[in-house]
Each structure stands twice: as C-alpha cells, then as structure tokens.
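Analysis of the macromolecular model
Chain by chain, the residues:
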Amino acid sequence: MPVAVATVRVGLLMLIAIMAAVVFVIAGPRSALLILTGLGLGMTLEGLRFGFAGPWRVLITERDGRGLIAQFIAIGICAAVAFPLLAAFPTELTGAYAPVGFAMIAGAFIFGASMQVVMGCGSGTLVNAGSGNLIALIALIGFIAGSFMGTLHLGWWTALGSLPVYTVQGIFGNTLGLSLTLTGLTLLAVLVALRSLPGKRQPQTRLWIAAGLVAGLAILNLIIAGQPWGIVYGLGLWGAKVAEVGGMDVASTAFWSAPTHTLRLQESLLTDVTSLTNIGLITGAFIVMRWRRIADAQTAGISSSGWALMLLAGLVMGYSARVAFGCNVGAFFSGVSTGSLHGWVWFFAAFAGSWQGIKLRTRLMSAVSIPPQLVAQ
Amino acid sequence: MKLISGVMPARRTVGLLALTLIIGLLLLDQVQSIPIDPFRAPAPMALGSGQAPAGGHCSNL
C-alpha cells in the first residue's frame, strides 16, 4: 500500500477516535455511543451501497428488486428484536409511533416523488452529501429548511384529519403483531420478486451483509437512545437553531413550545439523538469515500435552474417528510420495525409517489440540463 | 442554458465542505445553547437506565 494511502487511512481512523472522544468528554457516553452508531450507519450505507430511493427506482424502471428485498430483510430483522424489547421495557424504550392522517399520506406521497427528483432519500441525502455529491449537499440545505418549516405547520396539517395512533401490537398483541409484521414483509418481498426479472431477485452478498448491519445498528440505536433511528427531527432542529440565530422566536411557535421540543431547542445538538446519528451518517460516508479514494466523477457543469431545482426539491422533501411523520428511516424503517401502522401506510403512499416522481424527474432533468450521473445513489 | 461552472468541485472538496458546515452549525449551537454539564449526562444506554426516553423523533407531534 502506498505511504500516502496509508497516511490518509490512519488519519480517517483517528478522525473516528477523536470524534468519539471529543463527544464523550463534552456530552457523555451516550452521545459518544450514538455518534459511533451514526458513523457505522454512514459507513454501511456508503460502503455497501445500501439505499432506499435507488432500489425503489430500479424496481420500477429496471425490474430489479434486490435492493428493496434487502430493505424488507433489514426491517424484519430489526422488528424481530425490537418488538420483544419494546414489550419487555415499555418505560425505557419507545417505538416510532405516529397517527395515520390525510396530510400524513399526502406528505409521504410527495416525499416519495421528491426523493426520486433528488435521487436520494432522507438517509441518502446525508450520505451522498458526506461522500462528496454537491447536488446532495445543496438538497440537504433545502431539506433542513423544509424540515423546520414543516414543524411550523404540522399541527394545522394534522388537524385536517387523523386517526388515533395505532400499532400492530396494540391491536393484535405482541406475538401476533410481530408475526403479522414479518408476514407482511415476506409477502411484499414475494411480490417484489415476482415483479423482478430473473437474476434480479436474490440480493447480492453485499446487500445481505448491509441488511444485517443496518438492522443491528438500528437495534443499537433503540437500545442506546431509547427510541428508534430517525433523520428528519434532527434536520428540523438544525433549521430551528439557525432560525433562532436569525432572530426568529422559534420557542413561541406551537410545535417548539411543547416541553420535549423546547428542551431540544435549548440544549446542545450534541445531546440530541437524531442530530448525533445524522452527523455520524455524513461523516461515515465521508470516511468511506476518502478511504476508497473514489475518483472524482463530478466533472460536468450544471445550470443555475438545476441548482434551484435541487434546492427546491430538498425543501419539499424536508417539509413533506415532517408532515408525514418521518422519511424512509423514521417512518418506513423505524415505523414498521416497531409496529406503527403509519409506517406501512407511509410505504405504500411514498412508493406511489416515487412512481410519479420518476416520470417527473425525467421531465425536470431535461428541462434544466442536469447530467444524470451527477446525482448518485 | 447558461452553466454556472464548467467543472464541478472534487468529491473530497464537497465532502470537506459538508463537514465544515456541520462544524459551523455546532459552533453556532454552542453559542446559544445551555452549556452541557457532563456530570449530569444520561446513562450510557437507555435500556436498563430506568428512565423514560426524552429525545425528539420524527414521529413526534
């Protein structure tokens, strides 16, 4: 191995150790463990190319279901552990429980469409930005702004009509609820396999490994944080912090005046669960990109309207994810794996949105002349 | 269609820019947030801590 490569890699390993140590000293062991969990997720997603938006797209456009089946496997593994844990420790752990409602369904649909325009979901946008995709970084800025703006109107949207919060374990009990969840995931995997072309049904080895690692890290997140893996809350909080610096009285708004959110607004981001894992995701993806010394692929120009479109699409992603009570991680992955009914509804609405988003993207991309290879994963 | 630039920045540059933005955000946060008291930090893991989870999540209303 050339000395220069070895030096970079030693530096990257030191970055991991320094990050964990600094967070440990400043904010304590739980925050340090969460930043390490986020780093693990970022390295897994980037290193093993495990994503959400991309697999949905290739199922629709190329009849390749391997990535989506791997998602179901990861969620199933996580659910198999999370359900018993949540049942055994109800006062210390909680799931990603949210109500199904008109705005939630519409939000999931719009998120699904916009994530195909950006070609990156909630986690994908963070990972792509960390791994050096400028378009994802621009979309992330919009995502942060949109997530915050969504908090300002969440109550109004939810009041349009919502059911109470339903969980499968609440309706059917823990054992049957878990069985139904695993059965539902298996049925979906079979449907996806039937839709896929021969040779594009069995996940590759890397996807099996990634599914296991993502599930394991998501379970760790639940055990350490007491709540499931999420993305959007942290981004909305980042937007709220910036808005406060800009002079806005964020704490007086309906959402941020609730005690849980007021506390998060007042306290350091290094004590916020989703902020820590989000930072870990971005940094973990950066580490993998530098470790592999990925060749610079972004060599073409992009139009000014293209930048504006990506910023706007990111903003729509953030706003719609907030209204939908989460993105592919907080609502789909964590919702389904902890038994929330809204996770299932979110998946079907977002998948329908993705179907439309792929068509929309083709039209928009040709209008603003963005080379397709510029938006990865 | 007018292009802003003919060459996009390298991946390493963009990745470093992303990390710089995160550091900037943390510094901004440091100025306005209540200082962390490390001696009042929560238990390393919620499981077994005897405490209810108090973090924010996307599923929160």
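Residues numbered from 1 in each chain as written. Chains lettered and ligands numbered in written order. Predicted model: local features only at pLDDT ≥ 70, side-chain atom pairs only at ≥ 80, totals over all residues.

1. Observations concerning the overall build of chain A
Under the convention used in this document: By definition, any uninterrupted DSSP run of H or I lasting at least four residues is a helix, any uninterrupted run of E lasting at least two residues is a strand, and each is numbered from the N terminus. We compute the radius of gyration over the C-alpha atoms and compare it with the globule rule, which gives 2.2 Å times the number of residues raised to the power 0.38. Counts of 20 or more other C-beta atoms within 10 Å of a residue's own C-beta define buried residues, counts of 12 or fewer define exposed ones, and intermediate counts define partly exposed ones; C-beta atoms are placed from the backbone. Any pair of residues counts as being in contact when their C-beta atoms, constructed from backbone geometry, are within 7 Å of one another.
In terms of helices and strands, chain A carries 16 helices and zero strands. In terms of C-alpha radius of gyration, chain A reaches 20 Å, essentially the compact-globule figure of 21 Å for 377 residues. Going through the 377 residues of chain A one by one, you find that 60% of them count as buried. Counted over contacts in chain A with a minimum sequence separation of 6, partners at least 24 positions apart contribute 84%.

2. Describing the overall build of chain B
A count of helical and extended segments in chain B gives one helix and zero strands. Evaluated residue by residue, chain B yields a buried proportion of 28% over its 61 residues.

3. Here we look at the packing of helix 6 (residues 122-130) of chain A against helix 7 (residues 134-158) of chain A
Residues and elements named next belong to chain A. Definition in use: Axes here refer to lines fitted to C-alpha atoms; in helices the fit is confined to the stretch in contact. Angles between the N-to-C directions go from 0 to 180 degrees. An angle below 35 degrees is read as roughly parallel, one above 145 as roughly antiparallel, one from 65 to 115 as roughly perpendicular, and any other as oblique. Crossing chirality is assigned from the near helix's rotation relative to the far helix, an anticlockwise turn below a right angle marking it left-handed and a clockwise turn marking it right-handed.
Across the interface, helix 6 lies against helix 7 with an axial gap of 8 Å and an inter-helix angle of 135 degrees. Judged on the interaxial angle alone, helix 7 and helix 6 are oblique. Relative to helix 7, the crossing made by helix 6 is left-handed. Facing helix 6, whose interface residues are Thr 125, Leu 126, Asn 128 and Ala 129, helix 7 presents Ala 136, Leu 137, Ala 139, Leu 140 and Phe 143.

4. What to know about helix 3 (residues 53-62) of chain A
Residues and elements named next belong to chain A. The set of residues buried in helix 3 consists of Ala 53, Gly 54, Pro 55, Trp 56, Arg 57 and Leu 59. Close packing links the buried residues of helix 3 with helix 4 (66-88), helix 5 (102-118), helix 6, helix 9 (174-195) and helix 16 (341-368). Arg 63 sits one or two residues past helix 3 and shows a positive phi near 55 degrees.

5. With respect to the nonpolar core
Worth spelling out the cut-off: Among buried residues, those of type Ala, Val, Leu, Ile, Met, Phe, Trp, Tyr and Cys that are joined through C-beta atoms within 7 Å form a set called a nonpolar core.
Counting residues in each nonpolar core, the largest one holds 138 residues, and the members touching the most others are Ala 108 and Ala 139 of chain A. When residues no more than four places from it in sequence are discounted, the contact partners of Ala 108 of chain A are Ala 324, Ala 331, Trp 346, Ala 349, Ala 350 and Gly 353 of chain A.

6. As for the environment of Thr 262 of chain A
Take Thr 262 of chain A: it is sitting in helix 12 (residues 259-266). As a C-alpha pair, Thr 262 of chain A and Gly 199 of chain A span 63 residues in sequence and 51 Å in three-dimensional space.

7. Here we look at the environment of Ser 252 of chain A
All names here are of chain A. Residue placement: Ser 252 occurs in the loop between helix 11 (232-245) and helix 12. Here Ser 252 falls in the exposed class, since 8 other C-beta atoms lie within 10 Å of it. In this structure the C-alpha to C-alpha distance between Ser 252 and Thr 262, which are ten residues apart in sequence, comes to 9.2 Å.

8. Here's the deal with the interface of chain B and chain A
For clarity, the cut-off: Charged means Asp, Glu, Lys or Arg here, nonpolar means Ala, Val, Leu, Ile, Met, Phe, Trp, Tyr, Cys or Pro, and polar covers whatever is left, Gly included.
Of the residues lining the interface, 47 residues belong to chain B; the matching set on chain A comes to 72 residues. Of the residues in the side of chain B that touches chain A, the class split is 30 nonpolar, 13 polar and four charged.

9. Here's the deal with unusual backbone geometry
Peptide bonds are mostly trans, and most non-glycine residues show a negative phi. All names here are of chain A. Notably, Arg 49 is not glycine yet its phi reads approximately 50 degrees, a positive angle. Note on placement: Arg 49 falls in the loop between helix 2 (29-47) and helix 3. Given 18 C-beta atoms within 10 Å, Arg 49 falls into the partly exposed group. Unusually for a residue other than glycine, Phe 325 sits at a positive phi of about 60 degrees. Structurally, Phe 325 can be placed in the loop between helix 14 (304-323) and helix 15 (328-337).

10. Some points on the confidence of the model for chain B
All names here are of chain B. Going by this rule: pLDDT measures the predictor's confidence residue by residue and takes values from 0 up to 100.
Per-residue pLDDT for chain B has a mean of 87; in total, 89% of the residues score no lower than 70. Predicted confidence for residues 1-5 stays below pLDDT 50, and this span has twelve contacts to residues more than four positions away or in other chains. Confidence estimates for the predicted assembly give a pTM of 0.94 and an ipTM of 0.92.

11. With respect to the packing of helix 3 of chain A against helix 16 of chain A
Residues and elements named next belong to chain A. Put simply, helix 3 and helix 16 touch, their axes get as near as 10 Å, and they point 65 degrees apart. Classified by chirality, the crossing of helix 16 by helix 3 is right-handed. Residues Trp 56, Arg 57, Ile 60 and Thr 61 of helix 3 touch helix 16, and the partners they reach there are Phe 351, Ser 354, Trp 355 and Ile 358. Taken together, the residues that form the contact of helix 3 with helix 16 break down as five nonpolar, two polar and one charged.

12. Brief notes about the environment of Gly 155 of chain A
Residue and element names in this part refer to chain A. Among the secondary structure elements, Gly 155 is positioned in helix 7. Note on Gly 155: 13 C-beta atoms within 10 Å, which makes it partly exposed. Separated by 99 residues in sequence, Gly 155 and Ala 254 place their C-alpha atoms 7.7 Å apart. Beyond its immediate chain neighbours, meaning those up to four positions away, Gly 155 contacts Ala 254 and Phe 255.

13. Things to note about helix 2 of chain A
An α-helix turns once every 3.6 residues. As a result, residues three or four positions apart point the same way. The criterion, for reference: One less than the residue count of a helix, multiplied by 1.5 Å, gives the span that helix is expected to have.
Here helix 2 of chain A spans 26 Å end to end across 19 residues, near enough to the 27 Å set by a 1.5 Å rise per residue. A positive backbone phi angle near 50 degrees is found at Arg 49 of chain A, which sits one or two residues after helix 2 of chain A.

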